[in-house]
Amino acid sequence: MILITGASGTIGGAVSRLLSERGVPHRAASRTSAFPVDYGDPASLRAAAEGVDALLLVSPGGPDVPVHDRAVLAAAPHVRRVVKLSAIGRVGPARPHLPTEALVRERPEWAVLKPSAFASNALRWGGDPVPNPFGDGGSGVVDPRDVAEVAVAALLGQCSGELVLTGPEVLSVPEQVAVLNGITGRNWSTADVPLEQLVAGLPEASARVLAEGVELVRGGGNEVVTGTVAEVLGRPARSFATWAREVYPR
């Protein structure tokens, strides 16, 4: 039995679908799923973890990651195999994950998935111009379906350790917009967004995490491409263009 936390999110939901297609017994848990859990209620978490052999740990993100992860791990001390969805690097969105990455590594079998920026982030762009806080800085944009497939492989014991997951190329936001323009026939542009505007009104902890991530990408620190997806899945990682053609069919 596999337990998926955060099962209503992008990765958790995709992992649940993949396991269903393969006939793998699993329990999809979230605040809004068919197996509801309250991360502030240890009893509900223990019930979700009962009889579980492997765990996919997906947190809601932000500064509360350590609280969420510790609660789930404390409710599942018997689970030998834990796969945690983290983020690439050690600053910005990755920073809140670091304390509980260390806890996951204490399990007999573990994997920490550290994906780059998701291709699906483009779905949040509301229109023209696309706001761009990153300048010309790029990321190894990864298809979230590839992340989900690697997560399934890790849950089934087919890979382990720290897995940095990227697509096959580095793309900036303007380059992603250009790809989408070519596929959809639209003519969107980008508009630079000052960091001060981006973090205005956010709680201090959230603003700090966001600012670190933006500065990392803007300075070229996220221009990383790995072959991990291909190594685990036995095929090339999907490109941003492949993702876009399937999401925005002409």
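Predicted, not measured: the structure shown is a model, and the values here were computed from it.

**Student:** Looking at this structure, how should I read the packing of aromatic side chains?
**Tutor:** As enumerated under the stated definition, the model contains two aromatic pairs in all. Here the aromatic rings of Trp243 and Tyr248 are separated by 6.0 Å at their centres, their planes lie at 75°, and the arrangement is edge-to-face. Using a relative accessible area of 4% as the deciding quantity, one classes Trp243 as buried. Cluster of aromatic residues (ring-pair linked, three or more members): Phe240, Trp243 and Tyr248. The ring of Trp188 is capped by Arg186, whose NZ or CZ atom sits 3.5 Å from the centre of that ring. Here Arg186 stacks its cationic end above the ring of Tyr248, 5.5 Å away from the centre of that ring.

**Student:** So what exactly am I meant to see when it comes to the pairing of strand E2 (residues 26-30) here?
**Tutor:** Note on strand geometry: in a regular strand, side chains alternate between the two faces of the sheet. Here four bridges tie strand E1 (residues 2-5) to E2, and the two strands are oriented parallel to one another. Bridge pairing links Leu3 to Arg27 in E2. Handedness of the crossover is the feature at issue here: the chain leaves E1, passes through helix H1 (residues 10-22), returns alongside E2, and the resulting connection is right-handed. Across two bridges, the pairing between E2 and strand E3 (residues 35-36) is parallel. Within E3, the position partnered with Ser30 by the bridge is Pro36.

**Student:** Just checking my understanding: could you explain a negative patch on the surface for this structure?
**Tutor:** A cluster of acidic side chains, namely Asp136, Glu169, Glu175, Asp192 and Glu223, defines a negative patch on the protein surface. If you trace the backbone, Asp136 turns up in the loop between strand E7 (130-132) and strand E8 (138-139). For Asp136, a relative accessible area of 70% translates into the label exposed.

**Student:** How should the sheet that holds strand E9 (residues 161-165) be read in this particular structure?
**Tutor:** Hydrogen bonds along the backbone pair up the strands of a sheet, which may run parallel or antiparallel. Spatially, seven strands are ordered E3-E2-E1-E4-E5-E6-E9 in an open sheet, and the strand pairing comes out parallel. With partners counted over all chains shown, the strands left at the sheet margins are E3 and E9, one partner each. Sheet contacts for H1: E1, E2, strand E4 (54-57) and strand E5 (81-85); angle to E1, the most-contacted strand, approximately 155°.

**Student:** What exactly am I supposed to notice about the packing of helix H6 (residues 173-184) against helix H10 (residues 240-247) here?
**Tutor:** Between H6 and H10, the shortest axis-to-axis distance is 10 Å and the interhelical angle comes to 40°. With respect to each other, H6 and H10 are oriented oblique. The chirality of how H6 crosses H10 is right-handed. Packed against H6, whose contacting residues are Gln176, Val179, Leu180 and Ile183, the element H10 presents Phe240, Ala241, Ala244 and Arg245 at the interface.

**Student:** Just checking my understanding: could you explain the pairing of E4 for this structure?
**Tutor:** Burial along E4 is two-sided: Ala54 and Leu56 and Leu55 and Leu57, pointing in opposite directions, are all buried. Of the pairings in the sheet, the one linking E1 to E4 comprises three bridges and is parallel in character. Along E4, the bridge assignment pairs Leu3 with Leu55. Two elements, E4 and E5, share four bridges in a ladder whose sense is parallel. Bridged to Ala54 within E5 is Arg81.

**Student:** Whenever I open this one, the nonpolar core confuses me. Can you help?
**Tutor:** With 31 residues, the main nonpolar core has Val15, Leu56 and Leu113 as its most contacted residues. When residues of this core are traced back to their parent elements, those giving at least two are E1, H1, E4, E5, strand E6 (109-115), helix H5 (144-155) and E9. When residues of this core are assigned to their parent elements, the largest contribution, eight residues, is made by H5. One finds Ala48, Ala49, Leu55 and Val82 within the second-largest nonpolar core, a separate group that totals 18 residues.

**Student:** Looking at this model, I keep getting lost on H5. Mind explaining?
**Tutor:** An α-helix turns once per 3.6 residues; consequently, residues spaced three or four apart project the same way. For H5, with twelve residues, the first-to-last C-alpha span of 16 Å sits near the 16 Å given by 1.5 Å per residue. The element H5 is extensively covered by neighbouring structure, given that eleven of its twelve residues are classed as buried. Those residues of H5 not exposed but buried are Pro144, Asp146, Val147, Ala148, Glu149, Val150, Ala151, Val152, Ala153, Ala154 and Leu155. Just downstream of H5 lies Gly157, where phi reads positive at about 80°.

**Student:** Is there a simple way to think about the pattern of salt bridges in this case?
**Tutor:** If charged atoms from side chains of opposite charge come close, those side chains can pair. According to the stated counting rule, one finds 13 salt bridges in the structure shown. The shortest N-O distance in the salt bridge between Arg235 and Asp146 comes to 2.7 Å. Of the two residues, Arg235 is situated in the loop between helix H9 (228-233) and H10 and Asp146 in helix H5; the sequence distance between them amounts to 89 residues.

Conventions we followed
- Residues numbered from 1 in each chain as written.
- Predicted model: local features only at pLDDT ≥ 70, side-chain atom pairs only at ≥ 80, totals over all residues.
- Heavy atoms only, no water.
- Phe/Tyr/Trp six-rings, centres within 6.5 Å; stacked < 30°, edge-to-face > 60°.
- Buried < 20%, exposed > 50% of the residue type's maximum accessible area, 1.4 Å probe, protein only.
- Lys NZ or Arg CZ within 6 Å of the ring centre and 35° of its normal.
- Pairing = 2+ DSSP bridges.
- Helix = DSSP H or I, 4+ residues; strand = E, 2+ residues; numbered from the N terminus.
- Right-handed = clockwise from strand over helix to strand, strands pointing away.
- Patch = residues over 30% accessible without salt bridge, like charges linked within 9 Å, V, L, I, M, F, W, Y side chains within 5 Å.
- Areas by Shrake-Rupley, 256 points an atom, 1.4 Å probe, with all protein chains shown as cover.
- Salt bridge = Lys/Arg side-chain N within 4 Å of Asp/Glu carboxyl O.
- Lys, Arg positive; Asp, Glu negative; His and termini not counted.
- Charge placed at Lys NZ, Arg CZ, Asp CG, Glu CD.
- Contact = heavy atoms within 4.5 Å.
- Axes fitted to C-alpha atoms, helices over the stretch in contact; angles between N-to-C directions.
- Parallel < 35°, antiparallel > 145°, perpendicular 65-115°, else oblique.
- Left-handed = near helix turned anticlockwise from the far one by under 90°.
- Core = buried A, V, L, I, M, F, W, Y, C linked by side-chain atoms within 4.5 Å.
- Expected span 1.5 Å × (residues − 1).

That is the geometry; function is a separate question.
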